[in-house]
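Residues per chain, in single letters:
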Amino acid sequence: MVFVQQNRPAGRPLSVRQTPLDIDWDLIKVFLGVHRAQTFAGAAERLRIDESTVRRRLGQLEGIVGAPLFTRIDGRLQPVEIGQELLKYALQVETNSSRFLDSALSGLGGGSVRVSMLEMFAVTFGREIAAFRHENPEIDLTVTTEPHLVELSRDGVDIAIRMARPIRGTHKLRSLGRVGFGIYASRAYLDAFDASGSDCHDIIALSAHFAHADHEFILAEEHWLQDLKKKGNVAIQTDCYPVMMELCAANCGIATLPHFLARTNPDLVLIAGDHTRFEIDVWVVIRQEVSESLKVRKVLAFFTDRFGQWLKDMQDPEEPRPEA
């Protein structure tokens, strides 16, 4: 039975049983899964097992430790003090397991690599990713499209492509290039806006919330949103650029969009004016623990070369649309 700690009597030290025991690796995987998902159901989905198995295995581990490992805070499971202490060792076990498999597969350089990138990158660059997989069948590539900035060690991500540069941590970092942005609207929206005589635009804004703060950066919107708010109101928010584009094309307002994405929709035009175009740096972040792995180096080389070249190709010197 899993027990979740609500509180601990003051002055009572936490301790781990000293009896030598063989701990099943599956118990540690469940511990990490619960930590990352913060719910039993989420951990079960991540680990592809049923929730009752997650609870049973966590209960086994807590029985070995002799103390609860998680407490519930605002409906989410958070590691207690001893759980936080064990977490760093569990991550080391996970890393060593990955290194063991890397060594076992070193002849082929195969294994699983998890990459996180924005959905708009994954969709537009999808054919190149498929080509890489055909060329390297020994690599099991997982591409996730979280809108937030993942925490690599916590979320089990090997490589992350971000429009933000980390300012702390031990992960490795490379620049991939830049993405050009502009302010777009549909022709129908602009015609209606001009006819209204209003100087107050409806704004479609990116809503990005981060569970951690390892970056100091400016979102694309912030290059212009503060000034624009003086003349407009945020009418709708989303955390997905393709959704922003669809809302913009559906006459909901103006939006900051990457040129390469906006040019795929013939209903959108680039708004003329000062400070309506700018570029955002793109970075690839590599989890330190796996950075020397052959399989990760293969994937990294692919994104550095082909994705970096793709970014250059997307920086078309021609205007993506006639300006409005």
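Keep in mind that what you see is a predicted model, and the values were worked out from it rather than measured.

Considering the pattern of salt bridges
Pairing between side chains of opposite charge can happen when their charged atoms approach one another. The full count for this structure, using the stated rule, is twelve salt bridges. A salt bridge links Arg306 to Glu135; the nearest nitrogen and oxygen atoms lie 2.5 Å apart. Here the residue Arg306 occupies a position in helix α12 (residues 294-314), and Glu135 occupies one in helix α6 (residues 126-135), the gap between them amounting to 171 residues. Among the salt bridges present, the one from Glu138 reaches Lys298, with a minimum N-O distance of 2.6 Å. Separated by 160 residues along the polypeptide, Glu138 in the loop between α6 and β4 (139-144) and Lys298 in helix α12 bring together distant segments of the chain.

Quick word on unusual backbone geometry
The backbone of Gln38 sits at a positive phi, close to 65 degrees, despite the residue not being glycine. Topologically, Gln38 is positioned in the loop between α1 (25-37) and α2 (40-47). The class of Gln38 is buried, set by a relative accessible area of 13%. For Arg48, which is not glycine, the phi dihedral falls at a positive 60 degrees. Mapped onto the elements, Arg48 comes out in the loop between α2 and α3 (51-65). The exposure class assigned to Arg48 is exposed, which follows from its relative accessible area of 79%.

Section: the packing of aromatic side chains
Per the counting criterion, the structure on display carries 15 aromatic pairs. Ring centres of Phe260 and Trp310 lie 5.1 Å apart, and the angle between their planes is 70 degrees; this geometry places the pair in the edge-to-face category. Taken as a pair, Phe260 in helix α11 (residues 259-262) and Trp310 in helix α12 lie far apart in primary sequence, 50 residues in all. For Phe260, a relative accessible area of 5% puts it in the buried group. Site record: aromatic cluster; members linked through ring pairs are Phe121, Phe125, Phe132, Phe260, Phe302, Phe303, Phe307 and Trp310.

Here we look at the nonpolar core
Counting 47 residues, the largest nonpolar core has Phe121, Tyr241 and Phe307 as its most contacted members. For this core, the element with the most residues is α12, which contributes eight residues. With residues up to four places along the chain from it excluded, the contact list for Phe121 reads Gly126, Ile161, Met163, Val179, Phe260, Val282, Phe307 and Trp310.

Observations concerning the side chain of Thr144
Relative to the helices and strands, Thr144 is located in strand β4. Contact partners of Thr144, with chain neighbours within four places excluded, come to Arg114, Val115, Ser116 and Met117.

Concerning the packing of α1 against α3
Between α1 and α3, the least distance of the axes is 9 Å, while the angle of their chain directions is 110 degrees. Relative to α3, the element α1 lies roughly perpendicular. Facing Asp26, Leu27, Val30, Phe31 and Val34 of α1, the residues of α3 in contact are Val54, Arg57, Leu58, Gln60, Leu61 and Ile64.

Overview of the pairing of strand β2 (residues 76-79)
Here β2 shows one buried face, formed by Leu77 and Pro79, and one open face, formed by Arg76 and Gln78. Where strand β1 (residues 70-73) meets β2, four bridges bridge the pair, whose relative direction is antiparallel. Note that in β2 the partner of Phe70 across the bridge is Pro79. Where β1 folds back onto β2 in an antiparallel hairpin, the turn is made up of two residues, including Asp74, whose phi is positive at roughly 50 degrees.

About the thresholds
- Residues numbered from 1 in each chain as written.
- Predicted model: local features only at pLDDT ≥ 70, side-chain atom pairs only at ≥ 80, totals over all residues.
- Heavy atoms only, no water.
- Salt bridge = Lys/Arg side-chain N within 4 Å of Asp/Glu carboxyl O.
- Helix = DSSP H or I, 4+ residues; strand = E, 2+ residues; numbered from the N terminus.
- Buried < 20%, exposed > 50% of the residue type's maximum accessible area, 1.4 Å probe, protein only.
- Phe/Tyr/Trp six-rings, centres within 6.5 Å; stacked < 30°, edge-to-face > 60°.
- Core = buried A, V, L, I, M, F, W, Y, C linked by side-chain atoms within 4.5 Å.
- Contact = heavy atoms within 4.5 Å.
- Axes fitted to C-alpha atoms, helices over the stretch in contact; angles between N-to-C directions.
- Parallel < 35°, antiparallel > 145°, perpendicular 65-115°, else oblique.
- Pairing = 2+ DSSP bridges.

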